Amino acid sequence: MKKILSIITLTLFLAFKSAEDKPHIFLIGDSTCANKNPYDEPETGWGQVFPQLFTDAIEIQNHAVNGRSTRSFRTLGHWKKVNDQLHKGDYVFIQFGHNDQKESDTARYAPAQTDYRKNLIRYIEDVQAKGATPILLTPVMRRKFDESGKFIDQHGDYPKVVREVAQQFHLYVIDAHKESQKIIEQHGVDGSKKMFMIFGGDIYKKFPKGLDDNTHFTPYGARLMANMVADEMVKQGNPLRVYLKKTEFNDKYEYELPITYRPAFRKDTFNIARYGAKADGITVNTKAINQAIELCHAAGGGTVLIPKGMWLTGPIVMKSNVNLHIEKGSLLQFSRNYDDFPIVLTTWEGQESFRCQAPIGGVDLENIAITGGGIIDGGGDVWRAIKKEKMTAGQWSKLIKTGMTNEKKDTWYPSEKSLKGNQFPNAGRLKQDSVGTYSIRPSMEELNSYKDFLRPNMLSLTRCKNIILEGFTLQNSPAWTMHPLLCDHISIKNVTVKNPWYAQNSDALDLESCRNGIVEGCNFDTGDDGITIKSGRDEQGRKRGVPTENFIIKNNIVYHAHGGFVIGSEMSGGVRNMFISDCTFMGSDVGLRFKTARGRGGVVEKIYVNNINMTEIPGEAILFDMYYAAKDPVSASGENAELPIIKAEPLNEGTPQFKDFYIKNIVCKGAETGILIRGLPEMSIKNINIENALIECNKGLLCVEAENINLKNITLLTQDRTIGQIQNSQNVTLDNIKFSNNTDIFLKVQGTRSKAIRLINTDISAVKNGMVLGEKVGTGVVVRK
């Protein structure tokens, strides 16, 4: 027993000593920094979330208290609790100012140039006397704009005094005053409201009448402020930066990853059955469902409930502040009657076009959600054409007993109007006028003549903000399944998409010109691309000029699809700052698929990929292709799969760019080609970094028209003795590349522009134009032009 007690005592002692040995950060300040209780939801101090940005190697204690100033924090005994714990090597972050301004409160008031300055100096001297380090922060901004939208500073001389005192004592100072103003202004007059305690009634228990507080933060605002403090530490070279959490993405810090605002909804439920909806599979409930949504919106928002049962409906129009909840056990079945879907002006594949109205849609909305465990069926089989090559003989024979086929008898169409639209050049699209503007609209008579061809995207959200899509299943989509366009702050979690493998244009998710979001825990099985990033097509996309940026894509599974994770080909507005991790692709035609074409323009850059597992990939495991030809990635039987001859063309605004990709930790069991990189003669693909990959494939590497390509710690288990081909590429480094056990493995280096091909720790024969260069290369051999 004594031995057991001794072990316990020693364990506790070591744990205590370990905690003591850690450096500490103490935060002192007011309510903008302070921790909050659960019943204060959603109020959050930036110091409350600050520890999330650090490793366990440092301990952070937040002693900030609501309503305190430099004066009252000391007189009420809060400082003594901190000062008694201080040791050499600790840090104290000091941020006051909001309550020091309160002239009518003598217990807190401290004039900026006198008492406030003296109080700050006294804190500094106390900290330094203990051998600890003080770090000053100017007060964060309150949110205030004038009628013209110009930001108003309300802090007088207080920030200036903080900067002067920091300079006097040669201290690090984090100018939260200046930096928080930048963040608020970047969000704009309306967008910045989500940072602060500004919301309607009946959303949070503590605030039944709502709140209009422009000082205190929501969780989103608090995280923005904490990120800002961390970023300033890094920029200044603060020693504490070594304790900041690093992510798996090429030395990115945790605070550098995108964050997404999640809206909350009023506690009120509108059951569609109360408005006449019937779950009999016969009654078309369009009016009842949309009435419930309208009434919910008019009441200030809430939840519209689709209860258990089968509910037939036409198009549903979303409204702001509404959560459409599809209860588990419910089936929301969209009508197969073309007349239920009017023709509207929208977009199609990145360009303005007339299409039939989306089954679920919304334009210019804020705070919307679709949630629940139910199923939404888009009735897509009455809209989609089907290629004969994708059917068995028996399936095709059965299919052509309905609808009709084209003259070649190789494609089936569900109706005569659908066939006509396919034969009509650019059906539904706006055309250019004499000055090049897309303003010429097809007549309604023309549109109606091929209406059935104008199949809609299933879930279409345009210019919407603060979106939650969570938990439900989408199936049988007419075209693209989920299509947020020009949307901001999107959370897509645990959504399932099921479309037939032969369903053309049935992308599971197309994020187009969207900003700030997360896609997590989703399962996609579809007939076209899986997770797809776009930003408009050709001239219209470049003119719009809105990139898709700042997204986290993680823990998703893609089964059949043309590509698991895809960028393009409509990426004319650009794509950047994408973070993809922990995804699995099982049977998708291509794993990581980055595609574009001449005429698109746009820049795709700063793409970070980590920990991707793939199996049974019929095409490429990793594909960069700037010569996309709008064909299926896996050639049908009899099709020519050879790469086309690419001739250089002059650079112009339609020349696309791919650069700065960082890909790590890839495992692929079975692919036709391991890595294919194909740029244009006039614009090479640049700065591609692939590290730690094991790919089992028939063909290894093809690198054409590329520059600054770095492959490190990669195993290519190929069937072909020629494991790779490098053509007209420069500065290609193959570092520690391993192959299958075949002897006499060759790498072909071709093209007059190929130079600086580096083979490091790579056992291979490099062959250029039939001449062996650096046979059985060991270390550091360079193949030059």
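Residues numbered from 1 in each chain as written. Predicted model: local features only at pLDDT ≥ 70, side-chain atom pairs only at ≥ 80, totals over all residues. Heavy atoms only, no water.

Asks: Kindly report on the overall build of the chain, identifying the contributing residues and their values.
Replies: When helices and strands are tallied, the chain shows 13 helices and 49 strands. Taken over the C-alpha trace, the chain has a radius of gyration of 30 Å; the compact-globule value for 785 residues is 28 Å, and the two agree within 12%. Of all 785 residues assigned to the chain, the portion counted as buried reaches 55%. For the chain, the proportion of contacts with a sequence separation of at least 24, taken over those separated by at least 6, is 71%. Roughly 33200 Å² of accessible area belongs to the chain as shown, and the carbon and sulfur atoms make up 49% of that amount. Averaging the positions of the 98 positive and the 90 negative side-chain charges in the chain gives two centres separated by 2 Å. (Helix = DSSP H or I, 4+ residues; strand = E, 2+ residues; numbered from the N terminus. Rg over C-alpha atoms; globule rule 2.2 N^0.38 Å. Buried < 20%, exposed > 50% of the residue type's maximum accessible area, 1.4 Å probe, protein only. Contact = heavy atoms within 4.5 Å. Areas by Shrake-Rupley, 256 points an atom, 1.4 Å probe, with all protein chains shown as cover. Lys, Arg positive; Asp, Glu negative; His and termini not counted. Charge placed at Lys NZ, Arg CZ, Asp CG, Glu CD.)

Asks: Tell me about the side chain of Thr405, and name the residues and values.
Replies: With respect to the secondary-structure elements, Thr405 resides in strand S20 (residues 404–405). Looking at Thr405, the relative accessible area reads 19%, which means it is buried. Ignoring any residue separated from it by four or fewer positions in sequence, one finds Thr405 in contact with Trp396, Ile400, Thr411, Trp412 and Leu419.

Asks: I'd like a rundown of the packing of helix H5 (residues 112–129) against helix H6 (residues 158–169), residues and numbers included.
Replies: Contact pair H5 / H6: the axes reach a minimum separation of 10 Å and the direction vectors enclose 40 degrees. Overall, the two elements H5 and H6 adopt an arrangement that is oblique. Taken as a pair, H5 and H6 cross one another with a handedness that is right-handed. Residues Ala112, Gln113, Tyr116, Arg117, Leu120, Ile121, Ile124 and Gln128 of H5 form the contact with H6, whose participating residues are Tyr158, Val161, Val162, Glu164, Val165, Gln168 and Phe169. Tallied by class, residues from the contact of H5 with H6 come to 10 nonpolar, 3 polar and 2 charged. (Axes fitted to C-alpha atoms, helices over the stretch in contact; angles between N-to-C directions. Parallel < 35°, antiparallel > 145°, perpendicular 65-115°, else oblique. Left-handed = near helix turned anticlockwise from the far one by under 90°. Nonpolar A, V, L, I, M, F, W, Y, C, P; charged D, E, K, R; others polar.)

Asks: Which residues make up the environment of Arg598, and what values do they have?
Replies: By the element assignment, Arg598 lies in the loop between strand S38 (590–595) and strand S39 (603–625). Taking the relative accessible area as the measure of exposure, Arg598 reaches 22% and is therefore partly exposed. Along the sequence, Arg598 and Thr392 sit 206 residues apart, while their C-alpha atoms lie 36 Å from each other. Side-chain polar atoms of Arg598 contact the backbone oxygen of Lys647, separated by 2.6 Å. (Polar contact = N/O pair within 3.5 Å; in protein donor to acceptor, adjacent residues only side chain to side chain.)

Asks: Before we move on, could you go through the sheet that holds strand S5 (residues 173–174) and cite the residues and values that matter?
Replies: As summarised here, the arrangement of the 5 strands in space is S2-S1-S3-S4-S5, forming an open sheet in which the pairing is parallel. In this open sheet, the two edge strands, each paired with only one partner strand, are strand S2 (59–62) and S5. (Pairing = 2+ DSSP bridges.)

Asks: Outline unusual backbone geometry, supporting the account with residue identities and numerical values.
Replies: Going from Glu41 to Pro42, the amide bond is cis rather than trans, its omega being 10 degrees. Residue position: Pro42 is located in the loop between strand S1 (24–29) and helix H2 (46–49). Between Gly568 and Ser569 the backbone carries a cis peptide bond, its omega angle lying at 0 degrees. Its place among the elements puts Ser569 in the loop between strand S36 (563–567) and strand S37 (575–586). Its identity as a non-glycine residue notwithstanding, Asn505 has a phi of 55 degrees, on the positive side. Looking at the element boundaries, Asn505 is found in the loop between strand S29 (496–498) and strand S30 (509–512).

Asks: Residues and numbers for the packing of helix H7 (residues 176–191) against helix H8 (residues 219–236), please.
Replies: When two helices pack together, you describe them by how their axes are tilted relative to each other and by the distance separating the axes. Put simply, H7 and H8 touch, their axes get as near as 10 Å, and they point 130 degrees apart. One element, H7, and the other, H8, form an angle in the oblique class. The element H7 and its partner H8 pack so that their crossing is right-handed. Contacts between H7 and H8 involve Ala176, Glu179, Ser180, Ile183 and His187 from the former and Tyr220, Leu224, Met225, Met228 and Glu232 from the latter. Here the residues of the contact of H7 with H8 are counted per class, giving 6 nonpolar, 2 polar and 2 charged.

Asks: Describe the environment of Leu759, and please don't skip the residues or the numbers.
Replies: Residue placement: Leu759 occurs in strand S46 (residues 755–760). Considered as a pair, Leu759 and Thr733 are 26 residues apart in the sequence and their alpha carbons are 6.1 Å apart.

Asks: Could you give an account of helix H11 (residues 416–423), naming the residues involved and the relevant values?
Replies: Since the α-helix packs 3.6 residues into each turn, any two residues three or four apart lie on the same face. Buried residues of H11: Ser418, Leu419 and Gly421, and no others. Within H11, the buried residues cover an arc of 160 degrees as seen down the axis, which keeps them to one side. In H11, the exposed positions that point more than 90 degrees away from the buried face belong to Glu416 and Gln423. Those residues of H11 that are buried are in contact with S20 and strand S21 (411–413). (Arc of directions from axis to C-beta.)

Asks: Explain the pattern of salt bridges to me, and be specific about the residues and the numbers.
Replies: Enumeration according to the criterion identifies 37 salt bridges in this entry. In this structure, the salt-bridge partner of Glu605 is Lys659, at a minimum N-O distance of 3.9 Å. Of this pair, Glu605 sits in strand S39 while Lys659 is found in strand S40 (residues 657–678), placing the two residues 54 residues apart along the sequence. Among the residues examined, Lys659 registers a relative accessible area of 24% and is labelled partly exposed. Here the salt bridges share partners, and the residues they tie into one network are Glu349, Arg429, Arg537, Asp538 and Arg600. (Salt bridge = Lys/Arg side-chain N within 4 Å of Asp/Glu carboxyl O.)

Asks: Explain H6 to me, using residue names and the numbers behind them.
Replies: Between its terminal C-alpha atoms H6 stretches 17 Å, which fits the 16 Å expected from 12 residues at 1.5 Å a residue. Considering only its buried residues, H6 is in contact with H5, strand S4 (133–137), S5 and H7. Positioned one or two residues after H6, His170 has a phi angle of 55 degrees, which is positive. (Expected span 1.5 Å × (residues − 1).)

Asks: Can you lay out the state of the cysteines for me, pointing to particular residues and giving the numbers?
Replies: Disulfides are covalent bonds that connect the sulfur atoms of two cysteines. The final tally for this structure, using the stated rule, is 0 disulfides. Of the cysteine sulfurs around Cys487, a residue in no disulfide, the closest is that of Cys464, at 4.7 Å. Note on Cys668: no disulfide assigned, nearest cysteine sulfur contributed by Cys697 at a separation of 7.4 Å. Residue class for Cys668 comes out buried when judged on its relative accessible area of 1%. (Disulfide = S-S within 2.5 Å.)

Asks: Can you break down the sheet that holds S21 residue by residue, with the values?
Replies: Within the open sheet, the 3 strands sit side by side as S19-S21-S20. Their pairing is antiparallel. The outermost strands of the open sheet, each flanked by one partner alone, are strand S19 (386–387) and S20. Taken together, the 2 bridges between S19 and S21 define a ladder with antiparallel strand orientation. Opposite Lys387, over in S21, you have Thr411 as the bridge partner.

Asks: Quick one: what's the story with the side chain of Asn406, residue by residue and with numbers?
Replies: Considering the arrangement of structural elements, one finds Asn406 in the loop between S20 and S21. The exposure class assigned to Asn406 is buried, which follows from its relative accessible area of 15%.

Asks: Tell me about the packing of aromatic side chains, residues and numbers included.
Replies: Geometry of an aromatic ring pair is reported as the spacing of the ring centres plus the angle between the planes. For the structure on display, the rule yields 26 aromatic pairs. Ring geometry for Phe50 and Phe54: centres 4.9 Å apart, planes at 70 degrees, overall edge-to-face. In terms of burial, Phe50 and Phe54 fall into one category: buried. Connected via pairs of aromatic rings, a cluster forms that spans Phe565, Phe594, Phe624, Phe658 and Phe661. Note that Arg74 overlies the ring of Tyr123, its terminal NZ or CZ placed 4.6 Å from the centroid. Lying across the ring of Tyr261, Lys194 places its NZ or CZ 5.8 Å from the centre. (Phe/Tyr/Trp six-rings, centres within 6.5 Å; stacked < 30°, edge-to-face > 60°. Lys NZ or Arg CZ within 6 Å of the ring centre and 35° of its normal.)

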